[in-house]
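The residues making up each chain are set out below.
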Amino acid sequence: MPDARPPSMAELLRRRPLLIAHRGLPKSAPENSLPSFEAALRHRPDVVELDYHHSSDDVPIVLHDKTLDRTTDAVAVFGGEKIPVAAKSASELAALDSGSWFDPRFAGLKLPTLAEAVDLVCPRSALMIERKGGTPSVVVDLIRRRNVADRVIVQAFEWDFIAGCRRLDSGLTLGVLGEGDLNAARLAEARRLGAAVVGWSAKHLTAENLADAHAAGMLVWAWTVNDEDRARTLVSWGLDGLITDRADVARAWLA
């Protein structure tokens, strides 16, 4: 019988390699949806990953893209293409169908708020919150109000955002995302910001830069790995976390 409360983020960061469910289980349900997170949770990942933007009234909405076209019916509802998430209020976004694009059985599915996703995931798994748009104060305040600071890691490609989160909360677990050359300067900057994790493009990771990151005191999570051979190679080099769309099968790749 599983524990009533899964390990904290601090406990998880002492383990490796971690299985991180990218946008839930996006082959089973619409990515970044509550059903996708439910599907992933059935396979007991160490961490569930999601992305969020802010609505025009500063409500964090779980969605990967900056615009609404790909995963909602916004073009039909609002009568325009490439409408940014940030151009619509939370109530306007709640009117959208975010499931039919994936499969008719998900027709009528609503975009989740970050608060709804936190409430679903955090009692059962740790959560990686990737900021796509929005200010540090909103997400830090939400984490405090939900009392889940020990269950989440906040990551972003914009490292200034991570610096802002650190200024607001010295105890929050943070990560920086990137790609390209994972060099000494970037590792030093990640440490200066107080990041615990470097989330890096798998195609740019090598045995050498993984070793350099570990020598610098950083953990490395690779995104997004859906190939078993590549996953096993990264793990053999000492990878700390595998971000994958295949949380249903990838546990075996980490052996």
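Residues numbered from 1 in each chain as written. Predicted model: local features only at pLDDT ≥ 70, side-chain atom pairs only at ≥ 80, totals over all residues. Heavy atoms only, no water.

Caption draft 1: Structural context of the overall build of the protein. When helices and strands are tallied, the protein shows 10 helices and 9 strands. Scaling as 2.2 N^0.38, a compact globule of 255 residues should have a C-alpha radius of gyration of about 18 Å, and the protein matches this with 18 Å. Judged by the C-alpha coordinates and their principal axes, the protein covers about 50 × 40 × 40 Å. Each of the 255 residues in the protein was classed as buried or not, and the buried ones make up 55%. Taking all contacts inside the protein whose residues are at least 6 apart in sequence as the whole, residues at least 24 apart take part in 58%. (Helix = DSSP H or I, 4+ residues; strand = E, 2+ residues; numbered from the N terminus. Rg over C-alpha atoms; globule rule 2.2 N^0.38 Å. Buried < 20%, exposed > 50% of the residue type's maximum accessible area, 1.4 Å probe, protein only. Contact = heavy atoms within 4.5 Å.)

Caption draft 2: Broad picture of the nonpolar core. In this structure, Leu114, Leu127, Ile129 and Val139 are the most contacted members of the largest nonpolar core, which totals 56 residues. Within the second largest apolar cluster, 14 residues are counted, among which are Leu12, Leu13, Ile20 and Met128. (Core = buried A, V, L, I, M, F, W, Y, C linked by side-chain atoms within 4.5 Å.)

Caption draft 3: Main features of the pairing of strand S2 (residues 47-54). Where burial is concerned, most of S2 is hidden: 8 out of the 8 residues are buried. On S2, burial covers both faces: Val47, Glu49, Asp51 and His53 on one face and Val48, Leu50, Tyr52 and His54 on the other are all buried. Two strands pair when backbone bridges link them, and strand S1 (residues 18-22) and S2 are joined in this way by 3 bridges, in the parallel orientation. Directly across from alanine 21, in S2, lies its bridge partner valine 48. Handedness of the crossover is the feature at issue here: the chain leaves S1, passes through helix H2 (residues 34-41), returns alongside S2, and the resulting connection is right-handed. (Pairing = 2+ DSSP bridges. Right-handed = clockwise from strand over helix to strand, strands pointing away.)

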